[in-house]
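What follows is the residue order along each chain.
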Amino acid sequence: MPDPTADPAEMSARQMLLRVGGFAAVLLAGVFVVGTVFREPLSSAGDALVTAAGLPGLAALVVACDPLPGLGFQPGLLLGTAAAVPAWALFLITAASSSASSAAGWFLGHHGKNNDVLRRFLHTTGALGAVSKWGARAVALASVTPLPYGLATVAAGLTGLPFRVFFVASLARWVKIALSLLAIQAGWNLGG
């Protein structure tokens, strides 16, 4: 069994796939439970958000939540699914919003290079070390695993990873968004 505290840079491809698969299974089960227990309030909240703000409202939710560990883009996918937003539109708006949030994280790190508090925080979390050592590979890994992706985006800017290299690596996030959308919609449909 893989060590859950293992350094992500030292994990084998098999261990990474097991983590991603485990994450997808937990997400599907979690959405099944939440979709069963809280179906009406989630449907109401999703409908209210989409009615009041449309897809830009979902985009704003993803931009705000994506860099936060424990939240990410999933609340946007869940509310969009609950509001019956077509899957293709939900994927595109979430992917574009996540990319915008990622770019904002990079710019925060890039402009915070001289901020000792930010540097110490990123060092303490391990994000600075991982990105310093592995560069774009650390960003790509964090974008598809349950690792704190928002911290990796800030660390990428802080370490001077070129934006174009960072941006290409961050597009791996779209794979996680697609798989999460499939898991959320499957869990939602099973719960209904």
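Please read these numbers as outputs of a predicted model, since none were measured by experiment. (Residues numbered from 1 in each chain as written. Predicted model: local features only at pLDDT ≥ 70, side-chain atom pairs only at ≥ 80, totals over all residues. Heavy atoms only, no water.)

All right, on to the packing of aromatic side chains then. Within the structure shown, the criterion is met by six aromatic pairs. For the ring pair Phe 107 and Phe 163, a centre distance of 5.4 Å and an interplane angle of 35 degrees mean the geometry is tilted. Residue Phe 107 is located in helix 4 (residues 87-111), and its partner Phe 163 is located in helix 9 (residues 163-170); the two are separated by 56 residues in the primary sequence. Its relative accessible area of 40% is what places Phe 107 among the partly exposed residues. Among the aromatic residues, those joined into a ring-pair cluster are Trp 106, Phe 107, Phe 163, Phe 166 and Phe 167. The side chain of Arg 39 reaches across the aromatic face of Trp 188, ending 4.1 Å from its centre. (Phe/Tyr/Trp six-rings, centres within 6.5 Å; stacked < 30°, edge-to-face > 60°. Helix = DSSP H or I, 4+ residues; strand = E, 2+ residues; numbered from the N terminus. Buried < 20%, exposed > 50% of the residue type's maximum accessible area, 1.4 Å probe, protein only. Lys NZ or Arg CZ within 6 Å of the ring centre and 35° of its normal.)

This part takes up the environment of Phe 167. Looking at the element boundaries, Phe 167 is found in helix 9. A sequence separation of 43 residues divides Phe 167 from Thr 124, and the C-alpha atoms of the two residues are 24 Å apart.

What follows deals with the packing of helix 3 (residues 74-82) against helix 10 (residues 173-191). For any two helices packed against each other, the geometry comes down to the angle between their axes and how far apart the axes lie. Orientation of helix 3 relative to helix 10, taken along the N-to-C sense of each, is 45 degrees, at an axis distance of 10 Å. Judged by the angle between their axes, helix 3 and helix 10 are oblique. Here helix 3 and helix 10 pass one another in a crossing that is right-handed. Two secondary-structure elements touch here, helix 3 through Gln 74, Leu 77, Leu 78, Thr 81 and Ala 82 and helix 10 through Lys 176, Ile 177, Ser 180, Leu 181, Ile 184, Gln 185 and Trp 188. (Axes fitted to C-alpha atoms, helices over the stretch in contact; angles between N-to-C directions. Parallel < 35°, antiparallel > 145°, perpendicular 65-115°, else oblique. Left-handed = near helix turned anticlockwise from the far one by under 90°. Contact = heavy atoms within 4.5 Å.)

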